Amino acid sequence: MEKELVLELPNDLRQIEHAVEYVMQRCAECEAHARRLRFNFRVSLIEALSNAMLYGNARDPQKRVWVEVIVGECEITARITDEGSGFDPRGIPDPTSADNIDKVCGRGLFLMRELMDEVHFNERGNQITL
């Protein structure tokens, strides 16, 4: 049975922990993927929300972030949308290359791509789907 969660968050980093805990509790039935869920999904969701608030919404407290999670029998899909103008994810440098190893840019995106089965962006670049 599929379950859908929709959250609208203020652009406040303090809300991330509460939102992630709420989502994780609602995904508790996914016992078959419990280990990957506890670490991979949690870390990726935290990174996506942080990026949306810090970079997408540029820390603007007047803006919002939306989280949509669909919990299926064999998969979980999360879509995070901010109110920013978006970006081109192809323009983010590889943080593992020698030239970028000391830079902080791109580490969250790299983590999400490594930890999730799939990572997609909408055309505008203000929405990520994990």
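Everything below is about the structure shown above.
An account of the accompanying structure is given in this report. The structure displayed is predicted, hence computed values, not measured ones.

### So, the overall build of the protein
So, point 1. Helices and strands together make up the secondary structure of the protein, namely three helices and five strands.
So, point 2. Going from the N terminus to the C terminus, the protein shows its helices and strands as β-α-α-β-β-α-β-β.
So, point 3. For the C-alpha atoms alone, the extent of the protein along its principal axes is close to 45 × 35 × 25 Å.
So, point 4. For the protein, the proportion of its 130 residues judged to be buried stands at 39%.
So, point 5. Sequence separation of 24 or more characterises 59% of the internal contacts of the protein that already satisfy a separation of 6 or more.
So, point 6. If you sum the accessible surface of the protein, you get close to 8100 Å²; carbon and sulfur atoms cover 50% of it.
So, point 7. For the protein, the separation between the mean place of its 16 positive charges and that of its 23 negative charges on side chains is 4 Å.

### Here we look at the sheet that holds strand S4 (residues 120-121)
So, point 1. Read across the sheet, five strands follow the order S1-S2-S3-S5-S4 without closing on themselves; strand pairing throughout is antiparallel. Every interior strand has two partners, whereas the edge strands, strand S1 (3-10) and S4, have only one.
So, point 2. As paired strands, S1 and strand S2 (residues 64-71) are joined by eight bridges and run antiparallel to one another. Bridged to Glu8 within S2 is Trp66.
So, point 3. On top of the sheet, helix H1 (residues 15-26) reaches S1 and S2; it is set at about 175° to S1, its chief contact.

### So, the pattern of salt bridges
So, point 1. The tally for this structure, following the rule as stated, stands at five salt bridges.
So, point 2. Ionic pairing is found between Asp12 and Arg14, a salt bridge with its closest N-O pair at 2.9 Å.
So, point 3. As a salt-bridge pair, Asp88 and Arg90 come within 3.0 Å of each other at their nearest N and O atoms.

### Things to note about the packing of aromatic side chains
So, point 1. Taken as a whole and assessed by the stated rule, the structure comprises one aromatic pair.
So, point 2. Ring centres 5.4 Å apart and planes at 85° place the aromatic pair Phe87 and Phe121 in the edge-to-face group. Taken together, the residues Phe87 in the loop between strand S3 (76-82) and helix H3 (107-115) and Phe121 in strand S4 connect sequence positions 34 residues apart.

### Overview of unusual backbone geometry
So, point 1. Phi is positive for Ala58, which is not a glycine, with a value near 50°.
So, point 2. Tracing the sequence through the fold places Ala58 in the loop between helix H2 (34-56) and S2.
So, point 3. For Ala58, a relative accessible area of 55% gives the class exposed.

Reading the values: the criteria
- Residues numbered from 1 in each chain as written.
- Predicted model: local features only at pLDDT ≥ 70, side-chain atom pairs only at ≥ 80, totals over all residues.
- Heavy atoms only, no water.
- Helix = DSSP H or I, 4+ residues; strand = E, 2+ residues; numbered from the N terminus.
- Buried < 20%, exposed > 50% of the residue type's maximum accessible area, 1.4 Å probe, protein only.
- Contact = heavy atoms within 4.5 Å.
- Areas by Shrake-Rupley, 256 points an atom, 1.4 Å probe, with all protein chains shown as cover.
- Lys, Arg positive; Asp, Glu negative; His and termini not counted.
- Charge placed at Lys NZ, Arg CZ, Asp CG, Glu CD.
- Pairing = 2+ DSSP bridges.
- Axes fitted to C-alpha atoms, helices over the stretch in contact; angles between N-to-C directions.
- Salt bridge = Lys/Arg side-chain N within 4 Å of Asp/Glu carboxyl O.
- Phe/Tyr/Trp six-rings, centres within 6.5 Å; stacked < 30°, edge-to-face > 60°.

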